[in-house]
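# Observations on chain architecture
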Amino acid sequence: MNATAESYVTEDGRTIGAPVMEMKNITLKFGGVTAISNISFDIREGEIRAIIGPNGAGKSSMLNVINGFYHPQEGEIWFHGEKRKPMKPYQIAQQGIARTFQNIALFKGMSTLDNIMTGRFTHMKTNMLMQAIWKGPAEREENLNRDIVEHVIDFLEIQAIRKTPVGRLPYGLQKRVELGRALAAQPKLLLLDEPMAGMNVEEKEDMSRFILDVNDEFGTTIALIEHDMGVVMDISDRVVVLDYGKKIGDGTPDEVRNNQDVIDAYLGVAHD
Amino acid sequence: MFYRESGDFKTTYAKDTQTFPIKLDRMGYYTILAIAFVVIPTMLVMNVGGGANYWTNAILLPFLIWAIASIGLNILVGYCGQLSLGSGGFMAVGAYASYKLMTSFPDLSIFIIVLLSGAITAGVGILFGLPSLRIKGFYLAVATLAAQFFLVWMFNKVQWFYNYSASGQISAPTRSVFGFEVTGATASAEAKYLFCLVLLVGVAWVARNLTRGRIGRSWMAIRDMDIAAEIIGVAPLKTKLSAFGISSFFIGIAGALFFAVYLGAAEVGEAFGIQKSFLLLFMVIIGGLGSIFGSIIGAAFMVLMPVLLKNIMVGQLNWATDIAAHFEFVFVGALIIIFLILEPHGLAQLWRLLKEKLRLWPFPH
Ligand SMILES: Nc1ncnc2c1ncn2[C@@H]1O[C@H](COP(=O)(O)OP(=O)(O)O)[C@@H](O)[C@H]1O
Ligand SMILES: [Mg+2]
């Protein structure tokens, strides 16, 4: 493949477009700690982009910069070819960026269905008065969005737990519901922070399949943090490697696997 | 198997999300509405047993009005997770707003006045909700407590609010709906009752609609996990302020009714003091956080319980009234602790569990 071309077609026939998200010279500090140090990388339209690195490398911080929780001291973020002004996380959500968290962040008091319906928030527009009256626009909008949510529920094979309060679900299913909530937003860019952490092999296989299917069927661009190297090498188009807040590798899985810096700093190191 | 949902399949989303999905529940609901709108007013008009005024003033009006306030507070605390101890002060805003409107615009319909009082209270609630972006939980509770004291102080100090009356009291002039007096000394029990009932049904209906859709889910999202809510696109401040606004709107309506229909005359410290804030919070906790139905039974419980206890302790056991009053405090305190520890979802949850038991009975498996 030619990484500098505007677009290319992968071996399995997916089209990868121009960069949608470009991080340019990002530096993020917490007091004396430099979590991210002068890192640049891009995410191309339609690709699955993995971010790997040992614990504390700055991976989650990078996602937090992308969706506006952290504001870097230096650097620029370009989205769809435009430099992004500092924005609040909820404004960034409205631009079509959704994510899941390393530690599950579901709405514990709500059912699976309501959690995923909440993911439709940015697509629902009826005002307070219409909601209060319900009959008419509000109910119609609710049913239209419910239809989309039911598709997500079918896709993730969680029909049976539709009405279950999410607090009662086992860990693996909670991770799946959280993915469902992000998918319900029909994002252009989906950020996944360790979606398979703590899962057994079977659950990991399911999750990998969902991620590949989302990317393939809906063309969703995905950036994913994952520790399981087998999974990363299997499903990602390109990998960026971080260590102690610095970028030490960037390329296809094969390129990264054979990069001496990466082997020294990361692959040799035991991690969870 | 007294209570069943089997064979009751849903074929549309609308049917799946209706308020009473089970047929038996729906029938129960219509029965209650029929009793509330037909049977009770008839009994009041005929003055069955000779106690129409007693029942209206001791139980019916306080229940209806507190139920409205309780739904209001539950939206803020139970649905949106923002603790407030300012409810008494917000009820006072509704009361004084209705007083000023009634005396300034004698021809304005009392129905409109009550709604406007709610709207004014909503504005005040939003103002006092502004700190909620920065402070949470206990600290927010303290801030709302400050609102409570400030508002009571203000209605005491600024004479304009009580039209410079020498007593410092406000008293409600006579106003009618469709020719029936609902405020003032000569208003009939059944007219006052029906006026408050219509408002409660309206408030409950609006609250149910707001909590079942997009806005309700955004409130609960903020309550359960504000960070995740934000990455979904929920703007925290706007969402919290909308909960403060809607909550205060209902509480303001309740305050206006409490003064104009129920009390007739009021002095702010006595009618809307901090005890009222706590009473309302107890209703919400005992009834069930995050439940409209719970708000209503919580209000019923807190209104009926003292009447019942007093009848038993003073009427039957011949206890001294002050001892009975003290016992009531202990009893309520114990109940609050029990509910907070054992059943944070209150009576509403107990009711759900009971229904689950009935559904399986007599075959638990
Ligand atoms: N909110 C924060 N305040 C202070 N330090 C932080 C914060 N978030 C992350 N860090 C620090 O930044 C570094 C990178 O953390 P993180 O991005 O979570 O790593 P990773 O996800 O790669 O394991 C760590 O040293 C961590 O302690
Ligand atoms: Mg991390």
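Residues numbered from 1 in each chain as written. Chains lettered and ligands numbered in written order. Predicted model: local features only at pLDDT ≥ 70, side-chain atom pairs only at ≥ 80, totals over all residues. Heavy atoms only, no water.

Residues and elements named next belong to chain A. With antiparallel pairing, the 4 strands of this open sheet are ordered in space as β4-β3-β6-β7. Each end of this open sheet is capped by a strand with a single partner; those strands are β4 (33-44) and β7 (82-83). Bridge count for strand β3 (residues 19-30) against strand β6 (residues 74-79) is 5 bridges, and the pairing is antiparallel. Considered in β6, the bridge of Thr 27 is made with Glu 74. (Pairing = 2+ DSSP bridges. Helix = DSSP H or I, 4+ residues; strand = E, 2+ residues; numbered from the N terminus.)

For the rest of this paragraph, the subject is helix α5 (residues 137-155) of chain A. Residue and element names in this part refer to chain A. Compared with an ideal rise of 1.5 Å per residue, which puts 19 residues at 27 Å, α5 spans 27 Å between its outermost C-alpha atoms and is within 8% of the ideal. Along α5, the positions that sit buried rather than exposed are Ala 138, Glu 139, Glu 141, Glu 142, Asn 145, Arg 146, Val 149, Glu 150, Val 152, Ile 153 and Phe 155. Two residues or fewer after α5 comes Glu 157, characterised by a positive phi angle close to 55 degrees. (Expected span 1.5 Å × (residues − 1). Buried < 20%, exposed > 50% of the residue type's maximum accessible area, 1.4 Å probe, protein only.)

Our focus in this paragraph is the interface of chain B and chain A. Counting from both sides, the interface comprises 31 residues of chain B and, opposite them, 38 residues of chain A. With both sides pooled, the region where chain B packs onto chain A buries about 3,100 Å², and carbon together with sulfur makes up 65% of that total. Ranking the residues of chain B by area buried against chain A places Tyr 13, Arg 214 and Arg 217 of chain B at the top, with a combined share of 26%. Applying the counting rule to chain B against chain A returns 1 salt bridge. Of the charged contacts, one joins Glu 142 of chain A and Arg 217 of chain B as a salt bridge, the two residues approaching to 2.9 Å between their closest N and O atoms. Those elements giving two or more residues to the side of chain B that touches chain A turn out to be α1 (13-16), α7 (189-212), α8 (214-224), α9 (226-232) and α10 (236-263) of chain B. Here the side of chain B that touches chain A takes 8 residues from α8 of chain B, the largest share from any one element. Its residues assigned to classes, the side of chain B that touches chain A comprises 18 nonpolar, 6 polar and 7 charged. (Contact = heavy atoms within 4.5 Å. Buried area = accessible area lost by both parts, 1.4 Å probe. Salt bridge = Lys/Arg side-chain N within 4 Å of Asp/Glu carboxyl O. Nonpolar A, V, L, I, M, F, W, Y, C, P; charged D, E, K, R; others polar.)

Turning to the coordination of the magnesium ion (ligand 2), a few remarks are in order. Residues and elements named next belong to chain A. Within the protein, the magnesium ion (ligand 2) binds to Ser 60 (OG) and Gln 102 (OE1); these donor distances fall in the range 2.1 Å. Pair noted here: Ser 60 is in helix α1 (residues 59-66) and Gln 102 is in the loop between β8 (97-100) and α3 (112-118), with a separation of 42 residues, a long-range link. What makes Ser 60 partly exposed here is its relative accessible area of 22%. (Donors = N, O, S within 2.8 Å, 3.2 Å for Na, K, Ca; no water.)

Take the pattern of salt bridges next. All names here are of chain A. Counted under the stated rule, the structure contains 22 salt bridges over all chains. Across the pair Arg 49 and Asp 250 runs a salt bridge, and its minimum N-O distance is 2.8 Å. Placement of the pair is Arg 49 in strand β5 (residues 48-52) and Asp 250 in strand β12 (residues 246-251), with a sequence separation of 201 residues. Relative accessible area serves as the criterion here: at 0%, Arg 49 is assigned to the buried category.

All names here are of chain A. Domain boundaries in chain A define domain 1 (1-96 + 187-272) and domain 2 (98-186). A straight line from the C-alpha centre of domain 1 to that of domain 2 covers 25 Å. The partner domain 2 presents 18 residues to the 28 residues of domain 1 that form the contact. Both sides together, the interface formed by domain 1 and domain 2 hides about 1,900 Å², and carbon and sulfur atoms give 60% of it. A per-residue breakdown of the area domain 1 buries against domain 2 is headed by Pro 187, Asp 193 and Phe 210, which together make up 30% of the total. Seen at the junction of domain 1 and domain 2, the total is 3 salt bridges. The partner of Glu 157 in a salt bridge is Arg 209, and the shortest N-O contact between them spans 3.5 Å. Remark: the boundary between domain 1 and domain 2 carries 10 residue pairs in polar contact (both at pLDDT 80 or more). Taken together, the elements giving at least two residues each to the side of domain 1 that touches domain 2 come down to α1, α2 (89-94), β9 (189-193) and α7 (201-218). (Domains from an automatic or database assignment. Polar contact = N/O pair within 3.5 Å; in protein donor to acceptor, adjacent residues only side chain to side chain.)

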